[in-house]
There are 2 protein chains.
Amino acid sequence: MKKIINDPAAVVTEALYGMAQAHPELRVQHTDPAYIVRADAPIPDRVAIVSGGGSGHEPLHGGFVGPGMLTAACPGPVFTSPTPDQVQAAVAAAHGGAGVLLLVKNYTGDVLNFETAAELIEAEGIDVRTVVIDDDVAVRDSLFTAGRRGVAGTLLVEKIVGAAAEAGADLDTCERLARKVVDSVRSMGLALAPCTVPHSGEPSFVLAEDEIEIGIGIHGEPGRERTRIAPAQDLVRTLLTPVLEDLPFTAGDRVLLFTNSMGGTPLIELYLAHGSAVALLNERGFLVERSLVGPYVTSLEMQGISLTLLRLDDELAELWDAPVSTPALRWGR
Amino acid sequence: MKKIINDPAAVVTEALYGMAQAHPELRVQHTDPAYIVRADAPIPDRVAIVSGGGSGHEPLHGGFVGPGMLTAACPGPVFTSPTPDQVQAAVAAAHGGAGVLLLVKNYTGDVLNFETAAELIEAEGIDVRTVVIDDDVAVRDSLFTAGRRGVAGTLLVEKIVGAAAEAGADLDTCERLARKVVDSVRSMGLALAPCTVPHSGEPSFVLAEDEIEIGIGIHGEPGRERTRIAPAQDLVRTLLTPVLEDLPFTAGDRVLLFTNSMGGTPLIELYLAHGSAVALLNERGFLVERSLVGPYVTSLEMQGISLTLLRLDDELAELWDAPVSTPALRWGR
């Protein structure tokens, strides 16, 4: 295993230390219980939006903490849920008196730990709600999940709900919006090459020279099938077809297309795939009104991409466009 | 070779098409002569800042086109200089009447083609200056270069000069600032794993299971030595020591530290390396006043990092902090 690390057991702590040095606009608690919170939190009378999950998916979630997106995030060990203690500590730092919305990717460990955390937080008299994200159309009931997995669509939930909270929306509204995005977003991914979790030291799976895995999860969980590498336009069709059929999206829909790298796939291939996906969507009568392209919801150095489609309306488009200022996502005024 | 592409010969064109779809705030000419220009260019009486080079280093340079940074960029084939025609076309789209500054990484092909372009542009009666960037302390007179190579420091030149041009600085000032940054910035990188250029289909070099290349260039050119993988803090010291000695930087200096991924190294390792570099610099009495961490000057999917150090003064810090709004770098109002 070749990685730029010191001790495999210290990777997350040391990476968080580096993140603290790079981003003085955040407060990063790099030792246990680790969390990342906006430096200006708690913000009185503003709903706190808190997420988290295993590390190794950077910039998700810590890179999305800041004005217009998450109030706080809790990074667990690599590919392992944060503890209820971490969530509680993050909420303590984030809560401004207007309640807390927990955004949780649908993995059994995460759901369980955030549930326990929610009970502890509620016992403190804080109004807390939980929305579970399960946008991956590839598989049901996979290795780490009952139901569908939460993957790259998580970013869209965090951005849109974060914008609403920033504008002063109350907890009911934030919860409603999170559920609306979850109901309107679908994703699917593929992998060309695996990643290696530092404490295991072994690749998460093995693919032959010309083999790819369709429907991969963000921890290297098996997908739908192994096939041979094909031209980009075929790969894009393979991903988009089940995404479109699932919701279903229908011709004429306004959509946001998010082309995501699993980590090790370079931007030149991402833009190429994005162009191919836009062309296919245009052909089928969809209106691609917003785009996002980049390595945002990753699996360490895994090579591959995922495509995420969100059905837009005026409300969601306006919240998507609202200013955001985080390490990884930043625009607006 | 597993890549998300169609035809190896069409990779750049198709990626530029995707970039055009993703970024309506840019005008992307994706067919020959390819260039990327701010949609609001030419801007009357504003100096045009134009750069370019081989593709495969994304987001460099096209991802840095926008208010506060480059006016235009010309992407050549992968790892191959753009033609003089491309540079001329980009300048024609970018020039607002106040002259043009060409920012060129020091590779023989780039220097030659930009020189030819400058002659053609000058013949049209446009005031054009060229500044060559050569921040890599690893080697002199390497595979593609006479003198030192231009690497990740290029981003800092583009950002700082772009901010000055945006604020209305004249061509003399922009040229002076570019030279000042070039004189104050030094970089060095290492690779853990190679990349594969699409039209070659073969990795650019081969490393053993536990081997790394110190002093690598951004095209996979050989560096100073091959050694065995070591703890991150040792790797960081190996990169920073020659960087510090070269300028030389001296204790008490205010610096900007830029920790860059060569493409395939994940953010968690980058932040870890950044933290380690900040700790080392603090120990030696430097003041790390600004940080940048991310995959900004890459070599396709190559795994590795580079560290870039810029000596700051008030003028450079202020221009660094100025608002920028490009696909890859964006902050401020």
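Predicted, not measured: the structure shown is a model, and the values here were computed from it. (Residues numbered from 1 in each chain as written. Chains lettered and ligands numbered in written order. Predicted model: local features only at pLDDT ≥ 70, side-chain atom pairs only at ≥ 80, totals over all residues. Heavy atoms only, no water.)

What about the overall build of chain A?
Now for step 1: When you go through chain A residue by residue, the secondary structure sums to eight helices and 14 strands.
Now for step 2: Taking 2.2 N^0.38 as the reference for a compact globule, 333 residues should give roughly 20 Å; the C-alpha atoms of chain A span a radius of gyration of 19 Å, in line with that estimate.
Now for step 3: The buried share among the 333 residues of chain A stands at 64%.
Now for step 4: Taking as baseline every contact in chain A between residues at least 6 positions apart, the subset at least 24 positions apart corresponds to 74%. (Helix = DSSP H or I, 4+ residues; strand = E, 2+ residues; numbered from the N terminus. Rg over C-alpha atoms; globule rule 2.2 N^0.38 Å. Buried < 20%, exposed > 50% of the residue type's maximum accessible area, 1.4 Å probe, protein only. Contact = heavy atoms within 4.5 Å.)

Examining the interface of chain A and chain B
Now for step 1: Contacts between the two partners involve 60 residues from chain A and, on the opposite side, 61 residues from chain B.
Now for step 2: Carbon and sulfur atoms supply 66% of the area that chain A and chain B bury against each other, a total of about 4500 Å² over both sides.
Now for step 3: For chain A, the biggest contributors to the area lost against chain B are Lys2(A), Ile4(A) and Ile268(A); these three give 20% of the whole.
Now for step 4: Taken together, the connections running from chain A to chain B amount to two salt bridges.
Now for step 5: Notably, a salt bridge pairs Glu269(A) with Lys3(B), separated by 3.7 Å at the nearest N-O pair. (Buried area = accessible area lost by both parts, 1.4 Å probe. Salt bridge = Lys/Arg side-chain N within 4 Å of Asp/Glu carboxyl O.)

Remarks on helix 1 (residues 11–22) of chain A
One turn of an α-helix holds 3.6 residues; hence residues three or four places apart share an orientation.
Now for step 1: Between the first and last C-alpha of helix 1 of chain A there are 16 Å, a value that for twelve residues agrees with the 16 Å anticipated at 1.5 Å per step.
Now for step 2: Buried residues belonging to helix 1 of chain A abut strand 1 (26–29), strand 2 (35–38), strand 3 (48–55) and strand 4 (72–78) of chain A together with helix 7 (267–283) and strand 11 (287–294) of chain B. (Expected span 1.5 Å × (residues − 1).)

Concerning the environment of Ala94(A)
Residue and element names in this part refer to chain A.
Now for step 1: Its place among the elements puts Ala94 in helix 2 (residues 84–94).
Now for step 2: Residue Ala94 is classed as buried on the basis of its relative accessible area of 2%.
Now for step 3: In this structure, the C-alpha to C-alpha distance between Ala94 and Gly217, residues 123 residues apart in sequence, is 30 Å.
Now for step 4: The contact partners of Ala94, leaving out residues within four places of it in the chain, are Val37, Ala41, Pro42, Ile43, Ala48, Val50, Thr71 and Ala72.

Thoughts on the UniProt feature "domain: DhaK" (unreviewed entry) in chain A
Now for step 1: The sites that carry the UniProt feature "domain: DhaK" (unreviewed entry) are, in the present numbering, residues 7–331 of chain A.
Now for step 2: The span residues 7–331 of chain A is 33% helix and 25% strand, and its two end C-alpha atoms sit 36 Å from each other. (UniProt positions renumbered as here; feature names shortened; annotations may be inferred.)

Things to note about the pairing of strand 2 (residues 35–38) of chain B
Residue and element names in this part refer to chain B.
Now for step 1: Relative to strand 2, strand 1 (residues 26–29) runs antiparallel, the two being bridged by four bridges. In the sheet register, Arg27 faces strand 2, and the bridge partner there is Val37.
Now for step 2: Here strand 2 pairs with strand 4 (residues 72–78) via two bridges, running antiparallel. Considered in strand 4, the bridge of Val37 is made with Ala72. (Pairing = 2+ DSSP bridges.)

A closer look at the packing of helix 4 (residues 153–166) of chain A against helix 5 (residues 171–184) of chain A
All names here are of chain A.
Now for step 1: Interaxial distance between helix 4 and helix 5 falls to 9 Å at its minimum, and their mutual angle equals 155 degrees. Relative to helix 5, the element helix 4 is oriented roughly antiparallel. Both helix 4 and helix 5 take part in a crossing whose hand is right-handed. Facing helix 4, whose interface residues are Leu156, Val157, Ile160, Val161, Ala164 and Ala165, helix 5 presents Cys174, Leu177, Ala178, Val181 and Val182. (Axes fitted to C-alpha atoms, helices over the stretch in contact; angles between N-to-C directions. Parallel < 35°, antiparallel > 145°, perpendicular 65-115°, else oblique. Left-handed = near helix turned anticlockwise from the far one by under 90°.)

Some points on the packing of aromatic side chains
All names here are of chain A.
Now for step 1: This model, assessed by the stated rule, comprises six aromatic pairs over all chains.
Now for step 2: Each ring, one from Phe258 and one from Tyr296, has its centre 6.0 Å from the other, and the planes form 55 degrees; the classification is tilted. Of this pair, Phe258 sits in strand 10 (residues 254–261) while Tyr296 sits in the loop between strand 11 (287–294) and strand 12 (303–311), and the two are 38 residues apart along the sequence. Each member of the pair, Phe258 as well as Tyr296, is classed as buried.
Now for step 3: Pairwise contacts between aromatic rings join Phe64, Phe258 and Tyr296 into one cluster. (Phe/Tyr/Trp six-rings, centres within 6.5 Å; stacked < 30°, edge-to-face > 60°.)

Some points on the sheet that holds strand 7 (residues 185–193) of chain B
Hydrogen bonding along the main chain pairs the strands of a sheet, whether they run parallel or antiparallel.
Residue and element names in this part refer to chain B.
Now for step 1: The strand order across the open sheet formed by six strands is 9-8-7-12-10-11, and the pairing between neighbours is mixed. Two strands close off the open sheet at either side, each with one partner strand: strand 9 (225–228) and strand 11. Averaged over all pairs of adjacent strands, the angle between strand axes in this sheet comes to 20 degrees, irrespective of strand direction.
Now for step 2: The sheet contact formed by strand 7 and strand 8 (residues 211–214) spans two bridges and is antiparallel. The partner of Ala191 across the bridge, within strand 8, is Glu213.
Now for step 3: Against the sheet, helix 5 (residues 171–184) touches strand 7 and strand 12 (303–311), its axis set at about 60 degrees to strand 7.
Now for step 4: With respect to the sheet, helix 7 is in contact with strand 10 (254–261), strand 11 and strand 12, its orientation differing from that of strand 11 by roughly 165 degrees.

Quick look at the relation of the copies chain A and chain B
Now for step 1: The two copies are related by a screw operation: chain A maps onto chain B through 180 degrees of rotation and 0.0 Å of translation along the axis, at an RMSD of 0.0 Å. As the rotation angle and translation indicate, the two copies are arranged about a two-fold axis.
Now for step 2: Both copies present the same face, since 100% of the interface residues in chain A are matched by interface residues at the equivalent positions in chain B. (Least-squares fit on C-alpha atoms with pLDDT ≥ 70 in both.)

Describing the side chain of Thr196(A)
All names here are of chain A.
Now for step 1: Residue placement: Thr196 occurs in the loop between strand 7 (185–193) and strand 8 (211–214).
Now for step 2: When its relative accessible area of 12% is taken as the criterion, Thr196 is described as buried.
Now for step 3: Excluding its chain neighbours within four sequence positions, the residues that come into contact with Thr196 are Met1, Lys3, Gly201, Glu202, Pro203, Leu300 and Glu301.

Overview of the packing of helix 7 (residues 267–283) of chain A against helix 1 (residues 11–22) of chain B
The relative placement of two packed helices comes down to the angle between their axes together with the axis-to-axis distance.
Now for step 1: In contact at an axis separation of 7 Å, helix 7 of chain A and helix 1 of chain B are set at 65 degrees when each is read in the N-to-C sense. When the axis of helix 7 of chain A is compared with that of helix 1 of chain B, the two are roughly perpendicular. Crossing geometry of helix 7 of chain A relative to helix 1 of chain B is assigned as left-handed. Counting all contacts with helix 7 of chain A, which are made through Ile268(A), Tyr271(A), Leu272(A), His274(A), Gly275(A), Val278(A) and Ala279(A), the residues of helix 1 of chain B involved are Val11(B), Val12(B), Glu14(B), Ala15(B), Tyr17(B), Gly18(B), Met19(B), Gln21(B) and Ala22(B).
Now for step 2: Per-class residue counts for the contact of helix 7 of chain A with helix 1 of chain B are eleven nonpolar, four polar and one charged. (Nonpolar A, V, L, I, M, F, W, Y, C, P; charged D, E, K, R; others polar.)

Notes on the environment of Leu244(B)
All names here are of chain B.
Now for step 1: For Leu244, the location among the structural elements is in helix 6 (residues 232–246).
Now for step 2: Each C-alpha atom of the pair Leu244 and Ile5 lies 40 Å from the other, and the pair is 239 residues apart in sequence.
Now for step 3: When sequence neighbours within four positions are dropped, the list of residues in contact with Leu244 reads Phe249, Leu280, Leu281, Arg284, Phe286 and Leu309.

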